[in-house]
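Each chain, letter by letter, is given below.
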Amino acid sequence: MGRVSRRAFAVAALSAFTMMPQASAATGRRGGAPDSEMRGVWIASVANRDWPSKSGLSAAQQRAELLTHLDTAAGNRLNTVFFQVRPTADAMWPSPYEPWSQYLTGTQGKDPGWDPLGTAVEEAHARGLQLHAWFNPYRVAVHADPSRLAASHPARENPDWVVTYGGKLFYNPGLPEVRAFVEDAMLDAVAKYPVDGVHFDDYFYPYPVAGQTFDDDAAYDEHGGGFPDRAAWRRDNIDRLVRETADRVKEVRPGARFGISPFGVWRNAGTDPLGSDTTAGVETYDDLHADTRKWVREGWIDYIVPQLYWNIGFAAADYAKLLPWWAEAARDSSTQLYVGEALYKAGDPAQPAAWQESGELSRHLRLAGEYPQVRGHVYFAAKDVAADRIGAMARVVADHYGQPAPPPR
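No experiment lies behind these values; they were computed from the predicted model shown.

(A) Representation of the overall build of the protein chain in the model. Assigned secondary structure in the protein chain consists of 13 helices and 11 strands. Relative to the 2.2 N^0.38 estimate, which gives 22 Å for 409 residues, the radius of gyration of the protein chain is 20 Å and therefore close to what a compact globule would have. Its C-alpha atoms put the protein chain at 60 × 50 × 40 Å along the principal axes. When burial is assessed residue by residue, the protein chain has 58% of its 409 residues classed as buried. Long-range contacts, defined as pairs at least 24 residues apart, comprise 75% of the intrachain contacts of the protein chain with a sequence gap of at least 6. On the protein chain, roughly 15000 Å² of surface is accessible, and the fraction owed to carbon and sulfur atoms is 49%. Between the mean site of the 42 positive side-chain charges and the mean site of the 51 negative ones, the protein chain shows a separation of 4 Å.

(B) Up close: the nonpolar core. In this structure, Phe 135 and Tyr 171 are the most contacted members of the largest nonpolar core, which totals 127 residues. Sorting elements by how many residues they give to this core places helix α10 (residues 319-330) first, with 8 residues. Non-local contacts of Phe 135, meaning those with residues more than four positions away in its chain, are made with Val 85, Arg 86, Trp 93, Met 186, Ala 189, Val 190, Val 198, His 199, Phe 200 and Asp 201.

(C) Local environment of the pairing of strand β2 (residues 80-86). Counting buried positions along β2 gives 7 out of 7 residues, so the element sits mostly inside the fold. Where strand β1 (residues 38-43) and β2 come together, 4 bridges link them in parallel fashion. By the bridge assignment, Trp 42 is partnered in β2 with Phe 82. Crossover connection from β1 via helix α1 (residues 59-75) to parallel β2: handedness right-handed. Direction of pairing for β2 relative to strand β3 (residues 130-135): parallel, over a ladder of 6 bridges. Its bridge partner lying in β3, Phe 82 is registered against His 132.

(D) Expanded view of the packing of helix α11 (residues 360-368) against helix α13 (residues 392-400). With their axes 7 Å apart at the nearest point, α11 and α13 run at an angle of 35° to one another. The hand of the α11/α13 crossing is right-handed. Of the residues in α13, those in contact with Leu 361, Ser 362, Leu 365 and Arg 366 of α11 are Ala 392, Arg 395, Val 396, Asp 399 and His 400.

(E) Up close: the pattern of salt bridges. Inspection of the entire model under this criterion finds 25 salt bridges. The shortest N-O distance in the salt bridge between Asp 277 and Lys 321 comes to 3.1 Å. Note that Asp 277 is positioned in the loop between β8 (257-260) and α8 (284-288) and Lys 321 in helix α10, a separation of 44 residues in sequence. Three or more residues joined by partner-sharing salt bridges are found here, namely Arg 63, Asp 71, Glu 123 and Arg 127.

(F) A negative patch on the surface, seen in detail. Taken together, the side chains of Asp 160, Glu 177, Asp 221 and Glu 222 make up a negatively charged region of the molecular surface. Structurally, Asp 221 is set in helix α6 (residues 217-223).

(G) Representation of the environment of Ser 36 within the structure. Mapped onto the fold, Ser 36 is located in the segment before β1. On the accessibility criterion, Ser 36 (29% relative accessible area) is partly exposed. For the pair Ser 36 and Pro 404, spaced 368 residues apart in sequence, the C-alpha to C-alpha distance is 9.2 Å. When neighbours within four sequence positions are excluded, Ser 36 is seen to be in contact with Arg 375, Pro 406, Pro 407 and Pro 408. Engagement of the side chain of Ser 36 in a polar contact is seen with the side chain of Arg 375, the distance being 3.4 Å.

Reading the values: the criteria
Note that residues are indexed from 1 along each chain, following the sequence as it is written. Side-chain atom pairs in this predicted model are given and counted only at pLDDT of 80 or more, local residue features only at pLDDT of at least 70, and totals for whole chains, interfaces and linings cover all residues. The basis for the side-chain values is all heavy atoms of the structure; hydrogens and waters are excluded. Helix and strand definitions here come from DSSP, where helices need a minimum of 4 consecutive H or I residues and strands a minimum of 2 consecutive E residues; each element is numbered from the N-terminal end. Our radius of gyration looks at C-alpha atoms and nothing else; its globule reference is 2.2 Å times the residue count to the power 0.38. For every residue, the accessible area (1.4 Å probe, protein chains only) is compared with the maximum for its type, and the residue is labelled buried under 20%, exposed over 50%, or partly exposed between those bounds. By definition, residues are in contact when any of their heavy atoms lie within 4.5 Å. Per-residue accessibility takes into account occlusion by the displayed protein chains alone, with areas from the Shrake-Rupley method and a 1.4 Å probe. As used throughout, the charge tally considers Lys and Arg to be positive and Asp and Glu to be negative, leaving His and the chain termini uncounted. Here the site of a charge means NZ on Lys, CZ on Arg, CG on Asp, or CD on Glu. As used in this record, nonpolar core signifies buried Ala, Val, Leu, Ile, Met, Phe, Trp, Tyr and Cys residues forming a set joined through side-chain atoms within 4.5 Å. Any two strands with at least two DSSP-identified bridges between them are counted as paired. Handedness rule for crossovers: strands pointing away from the viewer, path from the first strand over the helix to the second running clockwise, crossover right-handed. Lines fitted to C-alpha atoms define the axes, with helix axes restricted to the stretch in contact, and inter-axis angles between N-to-C directions lie between 0 and 180 degrees. Two helices crossing with the near one rotated counterclockwise from the far one by less than a right angle form a left-handed crossing, whereas a clockwise rotation gives a right-handed crossing. We define a salt bridge as a contact between a side-chain nitrogen of Lys or Arg and a carboxyl oxygen of Asp or Glu at a distance within 4 Å. Patch rule: a residue counts if its relative accessible area is over 30% and it has no salt bridge; like charges are joined within 9 Å, and nonpolar side chains (Val, Leu, Ile, Met, Phe, Trp, Tyr) within 5 Å. Here a polar contact is taken to be a pair of N or O atoms separated by no more than 3.5 Å, where protein atoms must pair a possible hydrogen donor with a possible acceptor and residues adjacent in sequence count only if both atoms sit in side chains.

Rendered as structure tokens:
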């Protein structure tokens, strides 16, 4: 998901934040029984970030680690896990489209001897947790050597589908055959397992790399006619992926919900008057060609989880300014708004002073309680929930999760 090393921003200046009255730990936002709200956690498998802790563990060890993450989520009164099952054009289930993930055994394509996704769905439900299958649509590899992919990998069989950029391999979103393939590969899991949701993260076109060009000239020449420029064509490619996936999820598993967790800034106000009061170095509309605001306003997705991974008062991208911007974007829309929270920053000595305070995340939830459009929060990520370096998660649970609450529907 790329959250471990976010784009660096300009110099941060912390501003004062006045504490608001604390919500009751046992009564929910409005008093009485807790309302339904999203209380989620991401379980990232890419680069063995959260699970499995390293490649090459036995099936029993992998399963035990997964169940521990589910137990930890339930123990913190969370209600949903977002389980990464397609981190790099591979699979955490027996897929006829793509090879087994290398993050299981250390060898891409090697059968791990069990079914992680099938187990995760069953065991999550046994603990009263919902499970959203988390897919990365276009990332093929976090290296640039196709020969390191499994011999039968579709990217090796279709090299014209692949673009090398920033030292990594990506499927080209501008090719209709690529879009159809990645949809088929993802929907295979949705058809096979009773997942509660389908989830994309923040990678569409890749994050910009200085001095490099994403070479999609041939695709643009063939398919870009009728668009005013390449950027508009690229945004249409991503719009098509989103709309088609939404439609296909509803066909294959009508009860499942489809949502996306984009980078937290659509556009800066300095770029677009509709944008947020931020000076972020990345804007999803312009840099990732992902018109996240449009998806919300048009109701193409069931929920959105913008990654608001900054503290209150952070100069370039202030949580307290982005939260109301997203609340306004979701107002009168059928798209539910949850907020992605940077638990991984809490207690990290490389982060600003605010993240050394155990109460920073709790303040986020308290502030979000003022906006009825905010229907909950999702935490990045599972190993940080387990470690809870400075007690930030425990503080959230004590201040806000006094009682269990069902997820929104």
